[in-house]
Amino acid sequence: MRIDVVTIFPSFFDVLDLSLLGKARQSGLIDVRTHDLRDFTHDRHRTVDDTPYGGGAGMVMKPEPWGEALDAIVGTGPSDALLVVPSPAGEPFTQAAARELAAEEHLVFACGRYEGIDQRVVDHYATRLRVRLISLGDYVLNGGEVAVMAMIEAAGRLVPGVVGNPESLVEESHEDGLLEYPSYTKPAEWRGLPVPPVLLSGHHGRVAEWRRQQQVERTRRVRPELLASPGAPSPGDEAE
Ligand SMILES: O=C(OCc1ccccc1)c1cn[nH]c1
């Protein structure tokens, strides 16, 4: 997988060299390249923003630098790349979306700042490649970089070979539509708190049943809407 990120803060993504994704990059599984949007400006001040048509507070990112930056990445014709634009106005980012991104060969992330990117950038590229506006949640960030970091991590760890033990990807929150069960490790008692005895029983069937029940109870308590959604697992479902 190739990932390109266009941002006015390219050094923000240096951290990717350290984390889990660092190994994936070294092994060539994931090739992450950052691009400084200001390198695609031609004025002395390397201007990337201007006042909004129609008035109002804040600034809007100019289309020209974005056009030059994105053309440098995907060319000037049709492309199989997927352009992802983090935005409060986007579709919710879910584990399902992370799986979809993980299946892509080439992801291009456009990090907006200020009030956003001139709409014509999305409109233009939508004529040449797939574009998805994705929201991390119902809150506003100062820019897309934090959202892109989250999306790269969530998708990158699903790329085969990036995570050592693929088994650990299955038993996770949201993988089966439920929140994850509580986890415990040694010691068997800590500050007067015991580990649930069933987990010490060595009875795998009972452990699996207890874990499933914990998932359903926790989901019902914290995220009841996940149980109501179509195709949601019902408490009796076998683990997928
Ligand atoms: O703020 C966000 O993206 C950064 C951004 C993009 C465009 C204009 C301003 C800020 C965001 C919130 N949830 N998901 C993404």
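Everything discussed here concerns the structure shown above.
Quick caveat, the model's predicted, so the values are computed rather than measured.

The rules behind these values
Residues numbered from 1 in each chain as written. Predicted model: local features only at pLDDT ≥ 70, side-chain atom pairs only at ≥ 80, totals over all residues. Heavy atoms only, no water. Helix = DSSP H or I, 4+ residues; strand = E, 2+ residues; numbered from the N terminus. Buried < 20%, exposed > 50% of the residue type's maximum accessible area, 1.4 Å probe, protein only. Contact = heavy atoms within 4.5 Å. Areas by Shrake-Rupley, 256 points an atom, 1.4 Å probe, with all protein chains shown as cover. Lys, Arg positive; Asp, Glu negative; His and termini not counted. Charge placed at Lys NZ, Arg CZ, Asp CG, Glu CD. Salt bridge = Lys/Arg side-chain N within 4 Å of Asp/Glu carboxyl O. Pairing = 2+ DSSP bridges. Axes fitted to C-alpha atoms, helices over the stretch in contact; angles between N-to-C directions.

Tell me about the overall build of the protein chain, and name the residues and values.
When helices and strands are tallied, the protein chain shows eight helices and nine strands. Taken along its principal axes, the extent of the C-alpha atoms in the protein chain is 70 × 40 × 40 Å. The 240 residues of the protein chain split such that 42% are buried. Taking the contacts inside the protein chain whose residues are at least 6 apart along the sequence as the reference set, 74% of them involve residues at least 24 apart. Of the accessible surface of the protein chain, which amounts to about 13800 Å², a share of 54% is contributed by carbon and sulfur atoms. Here the protein chain carries 24 positive and 36 negative side-chain charges, and the mean point of each set is 4 Å from the other.

Could you give an account of the pattern of salt bridges, naming the residues involved and the relevant values?
Per the stated rule, a full pass over the model turns up 14 salt bridges. Residues Glu64 and Lys62 are paired through a salt bridge, measuring 3.6 Å at the closest nitrogen-oxygen approach. Judged by relative accessible area, which is 46%, Glu64 ranks as partly exposed. Judged by relative accessible area, Lys62 falls into the partly exposed class, the value being 22%.

Describe the sheet that holds strand E2 (residues 31-36), naming the residues involved and giving the relevant values.
Within the open sheet, the five strands sit side by side as E2-E1-E6-E5-E7. Their pairing is parallel. Edge positions in the sheet fall to E2 and strand E7 (130-135), since each has one partner strand and no second. Taking the axes of each pair of neighbouring strands and ignoring which way they run, one obtains an average angle of 30° across the sheet. Both strand E1 (residues 2-7) and E2 contribute to a ladder of six bridges, which runs parallel. By the bridge assignment, Arg2 is partnered in E2 with Asp31. Against the sheet, helix H2 (residues 63-74) engages E1, E2, strand E5 (82-92) and strand E6 (106-110), with an angle of about 165° to E1.

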